[in-house]
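Survey of secondary and tertiary structure
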Amino acid sequence: MSELIGTETITLSEEERKDLRLKVRALCDSFGNEYWRRLDPDREYPQEFVDALTEEGYLSVLIPQEYGGEGYGLTEATIILEEIHRAGGHAAACHAQMYTMGSLLRHGNKEQKEKYLPGIASGEIRMQAFSITEPEAGSNTTAITTFAEKQADGYVINGHKNWTSRILQSDLLLLLARTTPLEEVEKKSHGMTLFLVDLREIREAQPDSLEVEPVRTMFNYATNKIWYKDMKIPADSVIGEEGKGFKYVLDGMNAERILLASESIGDGYFFIDRATSYASEREVFNKKIGENQGVQFPIARAYASIKAADALRYKAAEKFDTGENCGEEANTAKLISSEASWEAANVAINTYGGNGFVDEYDIERKFRETRMYQVAPVNNNMILSYIGQHVLGMPRSY
């Protein structure tokens, strides 16, 4: 029984998982690193790649078959994201459609699921945007001030968010807002509500209520600052119960961390593959540079770190798919995979030398991309705080 979707999932055999890998790898290879390199300077959204993933059904794998999805578990979803990254791509353009799915599947009502899930599964509807973080609150989500004022026929939302990614490419938005002021709740985690906003309706009827400012980052990541200005949404936009939205967001964090760990692992394998190949081919002083232990050993050590992270990723995903508590494994997998991918990135740079900084080799692009995982979707220091408090039983550190 899967915690993510609350229904029986289809678990693939090892042979079927290998076949899934090969199919995803073939799709990624049809684009190639030249595709990603071309988009990078202008931070252009990889629409063609996302369309291809959608057409093959890879973005709907977690949606139950009754709604048109594949009905797979989280383990299979991690394989897809890993292969995208191992091929040299980046799943930031589409991964939210996987990890935001849990809120709708677990806490959405029957009408919401029937209205939206088939369209998401077929690709007619995009669910790519998640709006939680605010500039002043940062990681302290309970301190958000975006407010949804209840009206007779719905809510009116005002506030400011940052790091709201892919909203320009999305039809649906998950938005966390306060419905009760912080000073009026017994627990600071109370009084926040999760909304499913149909952006198509907002753009058509209330275009001035939503202001979007794209933010250029150090790699191709379609993120934005958002201002909500008297944005009106219907009462049936609420996911679950009013005031319990923070709990619903927390529910999905283990899935998000496992999925993002798989992306780090894919990056790590990309760097190891490239470094190994280059070290075996590049000749300096009449010998292959890989013959030098100073080159070979760091690559081998980085590979060992990636393999360790890979094993924990599978353990975390397996526990998630069987409904077991996987908080320790999910958080630890995210921690060590992000550090392992960064180790591999630096090893690749050192192996390539000056060529590692040249865009045509793709190392510098992936180097910039993989650095994110130590700070997002949660800073590794927050992971350490979780382990210290909830796993090791030490006092809360923040």
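Just so you know, these numbers come straight off a predicted model, no measurement behind them.

Scanning the protein chain for helices and strands turns up 14 helices and nine strands. Against the 2.2 N^0.38 benchmark of 21 Å for 398 residues, the protein chain shows a C-alpha radius of gyration of 21 Å, consistent with a compact globule. Overall, the protein chain is about 80 × 50 × 40 Å in size when its C-alpha atoms are taken along their principal axes. By sequence separation, contacts in the protein chain at least 24 residues apart represent 74% of the contacts at least 6 residues apart. Of the roughly 17600 Å² of accessible surface on the protein chain, a fraction of 48% belongs to carbon and sulfur atoms.

On to the packing of aromatic side chains. The final tally for this structure, using the stated rule, is ten aromatic pairs. Centroid distance F219 to Y221: 5.5 Å. Interplanar angle 45°. Geometry classified as tilted. For the pair shown, F219 and Y221 are each scored as buried. The positively charged end of K366 is found above the aromatic ring belonging to F270, 5.8 Å away from the centroid.

Right, let's get into the pattern of salt bridges. Within the structure shown, the criterion is met by 27 salt bridges. Notably, a salt bridge pairs R17 with E76, separated by 2.9 Å at the nearest N-O pair. Placement of R17 in helix α1 (residues 14–29) and of E76 in helix α4 (residues 74–86) is noted, with a sequence separation of 59 residues between them. A residue is classified by how much of its surface remains accessible, and E76, at 1% relative accessible area, is buried. Put simply, D362 and R365 hold a salt bridge, and the shortest N to O gap is 3.3 Å. No difference in accessibility class separates D362 from R365, as the two residues are buried. Look at the salt bridges and you will find they share partners, linking R37, D267, R274, D362, R365, K366 and E369 into a network.

Residues I84 and I120 are the most contacted members of the largest nonpolar core, which totals 70 residues. Among the elements that take part in this core, α4 stands out by supplying six residues, more than any other. Sequence-distant contacts of I84, defined by excluding residues within four places in its chain, comprise V24, C28, F49, L53, G89, H90 and A91.

About the thresholds
- Residues numbered from 1 in each chain as written.
- Predicted model: local features only at pLDDT ≥ 70, side-chain atom pairs only at ≥ 80, totals over all residues.
- Heavy atoms only, no water.
- Helix = DSSP H or I, 4+ residues; strand = E, 2+ residues; numbered from the N terminus.
- Rg over C-alpha atoms; globule rule 2.2 N^0.38 Å.
- Contact = heavy atoms within 4.5 Å.
- Areas by Shrake-Rupley, 256 points an atom, 1.4 Å probe, with all protein chains shown as cover.
- Phe/Tyr/Trp six-rings, centres within 6.5 Å; stacked < 30°, edge-to-face > 60°.
- Buried < 20%, exposed > 50% of the residue type's maximum accessible area, 1.4 Å probe, protein only.
- Lys NZ or Arg CZ within 6 Å of the ring centre and 35° of its normal.
- Salt bridge = Lys/Arg side-chain N within 4 Å of Asp/Glu carboxyl O.
- Core = buried A, V, L, I, M, F, W, Y, C linked by side-chain atoms within 4.5 Å.

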